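Given next are the chains, with one letter for each unit.
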Amino acid sequence: MMRRPRATTAKDVNYRYTDTDLSFSQMESSDDDNEEWSPAQPKPKASKTARDPAAGEKKAPAKRTAKPKEPKAPKQPKAPKVPKEPKPRAPRKPAAQRKTLAAKVLKDSSSSGLAGTKRKMKAEGKNEDKVEKQTDCPEQQGAEESGPGVRMKEERVSFIVSEAHQADGWAGEGSSLAGFRAKKEEVEEEDFTFDEPCPKKQKTSGACLGQPSALPSSQAQDLRNELDMNWDLIELLSILTCVERWVCVNIISLLREENTVPFMVRYRKEMINHMDADAVRDVQLVYEELRSLAKKTQSVIQTLRKDGVLTAELEQNLRSCRSADELDHVYSPYKKGSKLTKARRAKALGLEVAASTLLDTPHTLDLRAWVKPGTEGLSSVEEVATGVEHILADMIAKDPETLTYVKTLCENSFVTIQSSVSKSALKEREQEKSLQGNKKPGPQQNKNKDIDKFHLYFDFTCNIQRIQSHQTLAINRGESLKILTVKVNIPDRVKSDFTRWCINNRWRPRTLAREELCAIIRNAVEDSYKRLILPFLTRSYRTKLTSAAEKESIAMFVRNLRQRLLVCPVRGCVIMGVDPGFRHGCKVAILSPTSQILHTDVVYLHSSGQQREADKLCNLMIKYSCTRVVIGNGTACRETESFFTDLISRRYCHPLDVSYCITNEAGASIYSVSPEAVKEMPDLDPNLRSAVSIGRRVQDPMAELVKIDPKHIGIGTYQHDVSAGSLKAALDGVVQECVSFVGVDINICSETLMRHVAGLNAGRAKNIAEWRELNGPFINREQLKLVKGMGPKTYQQCAGFIRINPQTSVKPSPHPVSVVPEKPAAKKGKGKTGVNIPTSFNPLDQTCIHPESYHVAQRFLSIVGGSADQIGSAGLRQCVESKVRTSSIEELAKTVDTTPETLKLIIDGLTQPPGFDIRQNFGQADFKRGIVSMSDLRVGAVLTGRVDNTALFGAFVDIGVGRSGLIHKSNITLDKLPVSQRRRSLALGPGERVEVRVLNVDPQRGRIGLDLIRVLQ
């Protein structure tokens, strides 16, 4: 019989957490400059272990179990050590320690709805329970030492607003109801009423008193049936995301009820412990990954059951896996090879029995007995020995305990990643030098330029634990272009220690073996390490580094896009958008203050007849009273800027005070030929559509940029080197977040903008637009219920983010608004005939207050002595402020029967002026009248500029010289940043105004080095 390798499932807990960076956006700055921008990994708390005195009680699901060789008397477990700072792959316990170290298990909370099944111990005969003491809230384990008052963990700020609005803006809006229940069954008449509010979850200190520690029984049962794993989903999610258990319970409950992230962040703030949108999305991502892991586990179990190799012990081990890597680690010995490997060829010859005999009873093995002359692979003793070596090498490479040990050795060694220029790239460069006298074709020159871009990595070596994310992505790109060759260097000491351990411990024959048989084992170990294990470790390291770098890059994209969308609009003036060009002229579009197209034209500013074109431009600007010019930053931008600067300096458009700004035109050309642009501007030439888009990007950046695929807006770096699906999902989530929190006027917003509101999609947005065209403007939010496809859950999610402004809504026309759909309602439960809709304007519909809280708002107005018609007036604001001064928010909240968070939101909605826009707290486009060239820069000069883009290695700043300068991330230190920005990765984002000092100027390469002095508020 073939001896089964000594399999074990004992693994270090940290291995799962640091293997993949699931919560990549939870970033905190560190005092060390080199590690300041790397994502913080969750750090498990040290805990004590205790033996369970109740032998008959139900055992908690074990985290890890260890299998001793033979039954031994149970030993007292050692106290686990506090884990060190996480590394790319955390070490696992060596076998020598694991044989005497009993597994730690998580406490199975009595209140949890997810009871994990018991894992079987591998020891023969006896089971021993050891329970790891934990509180219901893992993050609050130090509460007993620090006292009852535990300061709440600081969360990142998605939107940075001024001090005056941080407490009362949209970011601080709370909730009035704790949760809704989605109605899955079909009903004859849709019910738009909301459930009664449940008791509010108040913040606690020390312990999680008053917070839910388990899902409702129905949801818990559904999850248990869906996952069917040995771990507690809530417990594991809390550990992986560093979020309190009760918050995880609420987030899962809200997600399973189909609530959107913007709705949760604004109207369920107390349920999610005031987390921001990024943090909630992180929890959602980990939750979905755990569900995906459970689904993959079920598939693996079915496959192994079909193959007839599934045992009860193996099934329990599979169901206990907590990451995809752990699952692959357990499953890999049972995978079927896709190719006929050396080991499979040797097994086909029947040498598997010989290999088993070599390990179990080597004194009985005679290799000469296996020799079969004339049979390939068995014709000599040497060939038989080689076949046995291949089988043993395959066994060693797939043994979990062996892989765990070699990974532990690597963790304690100096493993580096090295890149160098490839031979093919050197050959191309030599050919280019030999033909330097001849004219080279364009593509060849571009190829040589690409090679030069990677000169920093021609001889690059870095510790894998210290390499930066942008370096990883640059190396990957150079390798894909065949410019670089990359390898992972593992010290030789790892090989020697590994070989010694295998020969003397793990793969030592049970009885005394002859010298020639020991040589076979030694050769098998060395062959397994060189041919199988070393490539596996290399792939593992490269995969982990790439995954971490992709997540860091996506996080940078997310923050850049958010700040680009939230740039303050330039309202109330006529704007001229200019798409610059040489040969085909500059495309010009003049836009009204409401973004209507007044005039379009083409002017040739960079050819003969400049005076005639200048007169033409001047007449247009005077005719339409245009004082703002927006120039795209594409081809001929610098020359066009010089032309307008000359006009302004000569006061050519007097009496108009003309100024201009440069804006990013990335994506304008793509949008100009898109179906949305054709539908919106059917009679315009695509080139003129680009000019319209450039002008509108300054008038209302968010409304224009949502029309373009986020990856074409020109934000972040390495967008083609990261997962397209992950990037799109993250960017779409940010667009929805920004559009929802800003709010949309349902009567004037475009269909494209509408589809990004929380709860809506392309189909529902189209239905709303069609209803608006047929019945006229919406008079109140209640009329949304008349739209086809607008069910109770959709209405609940989107209603608070939709505005009905009195300026854009008109009184009902002589023919009353039909409450009966034009088409007969043939679908079950979709009839609108029974919906009772008022036809009067409700002043609360223009605020951020959700319809579910209207009754609370009315009670509060009666207390302060105001009315809904006074919303935004100075008189009502004074009444509210006076009432708040005499009575606290908490007391008023009890009076109106709501929570302080909801009352704060209501006060914001009632006191904010009409048309309040959260973007007014963000930077606006900089208009200027003069120009500075790169030759005017001097080292040491102090300038002001605006961040144009941020990358993983620094921030690019537009200082008005036609070329952005780079502030390297080593120059972005904590002492130069406002307190509100010190928690964010890299701390700077597009649109922020900064004061910088010139460090160096390289005119030939067009590079400017800058040092950050301070961020201008």
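Treat the numbers as computed from the prediction; the structure is a model and nothing was measured.

Glancing now at the overall build of the protein chain. Looking only at helices and strands, the protein chain features 34 helices and 17 strands. Going through the 1017 residues of the protein chain one by one, you find that 53% of them count as buried. Within the protein chain, contacts between residues at least 6 apart in sequence are counted, and of these 75% link residues at least 24 apart. Taken as a whole, the protein chain presents about 46900 Å² of accessible surface, with 51% of it coming from carbon and sulfur.

Turning next to the sheet that holds strand E17 (residues 1007-1015). On the basis of which strands lie adjacent, the closed barrel formed by five strands has the order E13-E14-E15-E17-E16 and mixed pairing. Here the strands of the sheet are splayed against their neighbours by 50° on average, with no regard to which way each runs. Bridge count for strand E16 (residues 993-1002) against E17 is eight bridges, and the pairing is antiparallel. If you follow Val1001 over to E17, its bridge partner there is Ile1008.

Moving on: the packing of aromatic side chains. A complete count under the given rule lists nine aromatic pairs for this structure. Consider the rings of Tyr457 and Phe460, whose centres lie 5.2 Å apart with planes at 65°: the pair is edge-to-face. In this structure Phe460 comes out as buried when scored by relative accessible area, which is 12%. Centre to centre, the rings of Trp771 and Phe778 are 4.5 Å apart; their planes meet at 20°, and the pair counts as stacked. You'll find Trp771 and Phe778 in the same group, each marked buried.

One open sheet accounts for five strands, arranged E8-E7-E6-E9-E10; its pairing is mixed. Every other strand in the sheet has two partners, leaving strand E8 (597-603) and strand E10 (659-663) as the edge strands with one partner each. Sheet twist, expressed as the average angle between the axes of neighbouring strands with direction ignored, equals 20°. As judged from the five bridges shared by strand E6 (residues 575-579) and strand E7 (residues 586-591), these two strands associate in the antiparallel manner.

The next subject is the state of the cysteines. Per the counting criterion, the structure on display carries zero disulfides. Cys618 carries a free sulfur, and the closest cysteine sulfur to it, the one in Cys653, is 3.8 Å from it.

This part is about the pattern of salt bridges. Summed over all chains, the structure comprises 37 salt bridges. Between Lys679 and Glu751 there is a salt bridge, and its shortest N-O distance comes to 3.6 Å. You can see Lys679 sitting in helix H24 (residues 675-680) and its partner Glu751 sitting in helix H28 (residues 751-754), a full 72 residues away along the chain. The partner of Glu751 in a salt bridge is Arg755, and the shortest N-O contact between them spans 3.7 Å. One network of salt bridges, in which partners are shared, links Asp228, Arg305, Glu315 and Arg319.

The next subject is the pairing of strand E9 (residues 628-632). Looking along a regular strand, one sees side chains alternate from face to face of the sheet. Where burial is concerned, most of E9 is hidden: four out of the five residues are buried. As paired elements, E6 and E9 share four bridges and run parallel to each other. Bridging across to E9, Met576 finds its partner in Val629. With five bridges connecting them, E9 and E10 associate as parallel partners. In the sheet register, Ile631 faces E10, and the bridge partner there is Ile662. Crossover handedness for the path E9 to helix H22 (residues 637-649) to E10: right-handed.

Here we come to helix H6 (residues 233-241). Of all nine residues in H6, nine are buried, a share of seventy percent or more. What H6 keeps buried is the set Leu233, Ile234, Glu235, Leu236, Leu237, Ser238, Ile239, Leu240 and Thr241. The backbone nitrogen of Ile234 lies 3.0 Å from a side-chain oxygen of the residue at the head of H6, namely Asp232. Positioned one or two residues after H6, Cys242 has a phi angle of 55°, which is positive.

A few words now on the environment of Ile622. With respect to the element layout, Ile622 can be found in helix H21 (residues 610-623). Given a relative accessible area of 40%, Ile622 falls into the partly exposed group. As for Ile622 and His654, which are separated by 32 residues in sequence, their C-alpha atoms are 8.7 Å apart. Apart from the residues lying within four places of it in its own chain, the contact partners of Ile622 are His654 and Leu656.

Attention now goes to the pairing of E8. Two strands pair when backbone bridges link them, and E7 and E8 are joined in this way by six bridges, in the antiparallel orientation. Within the sheet, the bridge partner assigned to Cys586 lies in E8 and is Val603. Remark: five residues form the turn of the hairpin made by E7 and E8, two consecutive strands paired antiparallel; Ser595 in that turn has positive phi of roughly 70°.

The rules behind these values
Here the residue numbers are simple positions, counted from 1 along each chain's written sequence. Predicted model: local features are reported for residues with pLDDT of at least 70 only, side-chain atom pairs are reported and counted for 80 or more only, and whole-chain, interface and lining totals are derived from all residues. Only hydrogens and water are set aside when side-chain values are computed; all heavy atoms of the structure are taken into account. Secondary structure elements follow DSSP: runs of H or I of four or more residues count as helices, runs of E of two or more count as strands, with numbering from the N terminus. Between buried and exposed lies partly exposed: a residue is buried under 20% and exposed over 50% of the maximum accessible area for its type, with that area taken using a 1.4 Å probe on protein chains only. It only takes one pair of heavy atoms within 4.5 Å for two residues to be counted as in contact. The method behind every accessible area is Shrake-Rupley, applied with a 1.4 Å probe, and residues are considered shielded solely by the protein chains displayed. Two strands qualify as a pair provided DSSP detects at least 2 bridges between them. For helices, the fitted line uses only the C-alpha atoms of the stretch in contact; every axis is such a line through C-alpha atoms, and the angle between N-to-C directions lies from 0 to 180 degrees. Each Phe, Tyr or Trp ring, with Trp reduced to its six-membered ring, pairs with another whose centre is within 6.5 Å; inter-plane angles below 30 degrees give stacked pairs, above 60 give edge-to-face pairs, and intermediate values give tilted ones. We call a pair of cysteine sulfur atoms a disulfide whenever their separation is within 2.5 Å. By definition here, a salt bridge exists when the distance from a side-chain nitrogen of Lys or Arg to a carboxyl oxygen of Asp or Glu is within 4 Å. Orient the strands so they point away from the viewer; a crossover is then right-handed if the path from the first strand over the helix to the second runs clockwise. Polar contact is the term for a pair of N or O atoms within 3.5 Å; when the atoms are in protein, one must be able to donate a hydrogen and the other to accept it, and sequence-neighboring residues count only if both atoms are side-chain atoms.

Keep in mind these values describe shape, not function.
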